[in-house]
Amino acid sequence: MSDWSAIEALPSVKLVDLFEQDGERLSTLSLDVAGIHFDWSKTHLTREAIDAFVALAEAKDLAGKRDAMFGGEHVNVTEDRPVGHTAERGEGDPESVALARKFHERMRSLIDAIEGGALGEIRHVLHIGIGGSALGPHLLVDALGREDKRYDVAIVSNVDGVALEDAIKDFDPAATLLVVASKTFTTKETMLNAESALQWMTEHGVSDPYGKVIALTAAPDKAMEWGVDETRILPFGEGVGGRYSLWSSIGFPAAIALGWGAFEELLEGAAAMDRHFRLTPLAQNAPALAAFADLYYTQVRHAETRAPFAYDERLRLLPSYLQQLEMESNGKGVTVDGRPVGRPTAAITWGGVGTDAQHAVFQLLHQGTHLVPVEFIVVIEPGDTLAEDHHRQLLLNAFAQGAALMKGKQVEDPARSYSGDRPSSTLLLDVLDPRTLGALIAFYEHRVFVNGVLLDINSFDQFGVELGKEMAKAADHGGQSFDASTEDLIRRAGLD
């Protein structure tokens, strides 16, 4: 029998029946870790299913690969390098942890210098990056910086000039710090936006715009070639992947906007989740259980998508962040040794913000023909000071949606009937602060890792993003021939 046989042979039992059959279901499928309550009881996971997944994990040597990742071994086999993001929060091999600590100290010293006036008056921070160099910092600042943000922060990733113009329209160029984030410091979109930002500063009378530039990169030599002084370059390790990089110097805009204490708490929250993931048996391990549910639905129920919904406006960017984390990490078609995977890999991740999403997409979730596992992310403590009923209604809507997806409702009119038996999980945060947000993001990272190990794929490369970029670059230099349709589009747009 294959490693998946026991999982694929699991009986199909309705959720309401699972609750009736097991009076301890809630306690079995709920956990409290680092200020987050996890509830998978409304998924089709059972004790039998968990046992089958634990057996699969043992067959795939999940524990050994987990230790290898934390130990600094070259688990990113296709690029022959280690994975360094856990070392950024102090959990990893001693050499990598020491290097990360050194880079953090450098970042803190530069922030202290900026706050001391070393670069003149700074009121605005313009952060330019793309992918993980923008999504992570943007999530942090948007989630945590609404009240206590010490600088106006704009984060630009899109090469569309509208994005940059919109970001800088209310900024004073003389009081703007330009932060350029690029692992290689050669990313076309990022460098073009950075050059345009420098031009904007020059045109508005900034005599030395390069003197207001901070570079966040794993290639400091490239940053110096571009014109950034070595004292204003914040490096990070080559093993820190873009979508895992907010813990490194890529988190600079959050560290300066929220304060160093908040950044340290973010790292500490993530480290708490690291320790839970490393030390807790898989049957009570939050990232593992979440991955088991993911894999049950993709492999057994053939669900093609997964939908996280943040019932908190401060987490509105979380679904977009998770899209990259999950789909870039596990959107693969071959195993670590180059063979076809032969089964579905990452589900398509999409989602939104409650209660807005209820009036837009929940029709399909309740009555559509697609099975979509839903995840509710909810915060107990409100982020506003308005009447209590605002937050009460927000939370009640989140909890009621999960109950309705599971229970359904049968009436004589088919158009008004709900089939029910639609799965959801809930992540309930006590508060939204740096520590719990750090733990939440680390949970998702480890969940991705478990999914990748059980599918025999490498979650840490992303070659799939390169081909289109390479073709666009070649076309820009006149060295690329396209199909008739693409050639016609280029001609019609006046780009030939």
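Report on the accompanying structure. From a predicted model like this one, the values you see are computed outputs, not experimental measurements.

Looking now at unusual backbone geometry. Residue threonine 355 is bonded to the preceding glycine 354 through a cis peptide linkage, with omega at 10°. Structurally, threonine 355 can be placed in the loop between β10 (352-353) and α15 (362-367). Despite not being glycine, alanine 34 has its phi angle at roughly 50°, a positive value. Tracing the chain through its elements places alanine 34 in the loop between β1 (30-33) and β2 (36-39). For phenylalanine 185, which is not a glycine, the phi torsion comes out positive at approximately 60°. You can see phenylalanine 185 is positioned in the loop between β5 (176-181) and α9 (188-203).

Let us look at helix α6 (residues 94-115). At 3.6 residues per turn, the α-helix brings residues three or four places apart onto the same side. The terminal C-alpha atoms of α6 lie 31 Å apart, and with 22 residues this matches the ideal 32 Å at 1.5 Å per residue to within 8%. Residues of α6 that are buried include every one of Val97, Ala100, Phe103, His104, Met107, Leu110, Ile111 and Ile114, and no others. All buried residues of α6 project into a common sector of 145° when viewed along the axis, lining one side. Looking at α6, the residues exposed on the side facing more than 90 degrees away from the buried face are Pro94, Glu95 and Lys102. In this structure, the buried residues of α6 make contact with β5, β6 (213-217), β7 (233-235), α11 (252-258) and α12 (260-279).

A separate point is the nonpolar core. Residues Phe38, Phe53, Ile114, Ile214, Phe252 and Leu437 are the most contacted members of the largest nonpolar core, which totals 106 residues. Sorting elements by how many residues they give to this core places helix α17 (residues 434-454) first, with twelve residues. Membership of the second largest hydrophobic core comes to 24 residues, among which are Ala154, Ala167, Phe185 and Ala197.

Let us look at the sheet that holds β6. Strand order in the open sheet formed by five strands is β4-β3-β5-β6-β7, with parallel pairing between adjacent strands. The sheet terminates laterally at β4 (152-156) and β7, the two strands that pair on one side only. Shown here is a sheet whose adjacent strand axes are inclined to one another by a mean of 15°, direction ignored. Bridging between β6 and β7 involves three bridges; their strand directions are parallel. Of the residues in β7, the one forming a bridge with threonine 217 is proline 235. Together, β3 (124-128), β4 and β5 form the strand contacts of helix α7 (residues 132-144), whose direction differs from that of β4 by roughly 150°. Contacts from α9 reach β3, β4, β5 and β6 within the one sheet, and its direction differs from that of β5 by about 165°.

A separate point is the pairing of strand β12 (residues 424-429). In terms of residue burial, β12 counts as a mostly covered element, since six of its six residues are buried. Of the two faces of β12, the one holding Ser424, Thr426 and Leu428 and the one holding Ser425, Leu427 and Leu429 are both buried throughout. For β2 and β12, the ladder comprises four bridges, and the chain directions are antiparallel. Across the sheet, residue isoleucine 36 finds its bridge partner in β12, namely leucine 429. Alignment of strand β11 (residues 374-379) against β12, held across six bridges, turns out to be parallel. Bridging from a neighbouring strand, valine 379 pairs with leucine 429 of β12.

Two quantities define a packed helix pair, namely the angle between the axes and the distance from one axis to the other. At a minimum axis separation of 11 Å, α6 and α12 run at an interaxial angle of 160°. Judged by the inter-axis angle, α6 sits roughly antiparallel to α12. As α6 runs across α12, the sense of the crossing is right-handed. Residues His104, Met107, Arg108 and Ile111 of α6 pack against Trp260, Phe263, Glu264 and Leu267 of α12. Among the residues making up the contact of α6 with α12, the classes are represented as five nonpolar, one polar and two charged.

Below, the discussion takes up α17. With 21 residues, α17 extends 31 Å from end C-alpha to end C-alpha; this agrees with the ideal 30 Å at 1.5 Å per step. Among the 21 residues of α17, 20 are classified as buried, and the element is accordingly described as predominantly covered. Among the residues trailing α17, aspartate 456 stands out with phi positive, at a value near 65°.

What follows deals with the pattern of salt bridges. In this structure the tally under the stated criterion is 31 salt bridges. Of the charged contacts, one joins glutamate 121 and arginine 123 as a salt bridge, the two residues approaching to 3.0 Å between their closest N and O atoms. The structure contains a network of salt bridges with shared partners spanning Asp294, Arg306, Glu326, Glu375 and Arg447.

This part is about the packing of helix α5 (residues 62-70) against α17. One way to put it is that α5 packs onto α17 with a least axis distance of 10 Å and a crossing angle of 130°. Classified by the interaxial angle, the pair formed by α5 and α17 is oblique. α17 is crossed by α5, and the crossing has right-handed handedness. Residue-level inspection shows Leu62, Lys65, Arg66, Met69 and Phe70 of α5 in contact with α17, the latter providing His446, Phe449, Val450 and Val453. The residue makeup of the contact of α5 with α17, split by class, is six nonpolar, one polar and two charged.

A few words on the packing of aromatic side chains. This structure, assessed with the given rule, holds 16 aromatic pairs. Ring centres of phenylalanine 38 and tryptophan 40 lie 5.4 Å apart, and the angle between their planes is 10°; on these two criteria the pair is classed as stacked. Between phenylalanine 53 and phenylalanine 292, the aromatic rings sit 5.0 Å apart at their centres with planes inclined by 10°, giving stacked as the arrangement. Here the residue phenylalanine 53 occupies a position in helix α4 (residues 47-59), and phenylalanine 292 occupies one in helix α13 (residues 286-300), the gap between them amounting to 239 residues. A relative accessible area of 0% places phenylalanine 292 in the buried class.

Now for the side chain of glutamine 401. Of note, glutamine 401 is situated in helix α16 (residues 388-407). With a relative accessible area of 14%, glutamine 401 lands in the buried category. Not counting residues up to four positions away in its chain, the partners in contact with glutamine 401 are Tyr311, Gln358, Phe362, His366 and Phe376.

A separate point is the side chain of threonine 190. Positionally, threonine 190 belongs in helix α9. The residues touching threonine 190, leaving out its near neighbours within four places in the chain, are Ile128, Gly129, Ile130, Val180, Ala181 and Ser182.

Calculation notes
- Residues numbered from 1 in each chain as written.
- Predicted model: local features only at pLDDT ≥ 70, side-chain atom pairs only at ≥ 80, totals over all residues.
- Heavy atoms only, no water.
- Helix = DSSP H or I, 4+ residues; strand = E, 2+ residues; numbered from the N terminus.
- Expected span 1.5 Å × (residues − 1).
- Buried < 20%, exposed > 50% of the residue type's maximum accessible area, 1.4 Å probe, protein only.
- Arc of directions from axis to C-beta.
- Contact = heavy atoms within 4.5 Å.
- Core = buried A, V, L, I, M, F, W, Y, C linked by side-chain atoms within 4.5 Å.
- Pairing = 2+ DSSP bridges.
- Axes fitted to C-alpha atoms, helices over the stretch in contact; angles between N-to-C directions.
- Parallel < 35°, antiparallel > 145°, perpendicular 65-115°, else oblique.
- Left-handed = near helix turned anticlockwise from the far one by under 90°.
- Nonpolar A, V, L, I, M, F, W, Y, C, P; charged D, E, K, R; others polar.
- Salt bridge = Lys/Arg side-chain N within 4 Å of Asp/Glu carboxyl O.
- Phe/Tyr/Trp six-rings, centres within 6.5 Å; stacked < 30°, edge-to-face > 60°.

Everything listed here is a matter of coordinates, which is why it stays silent on function.
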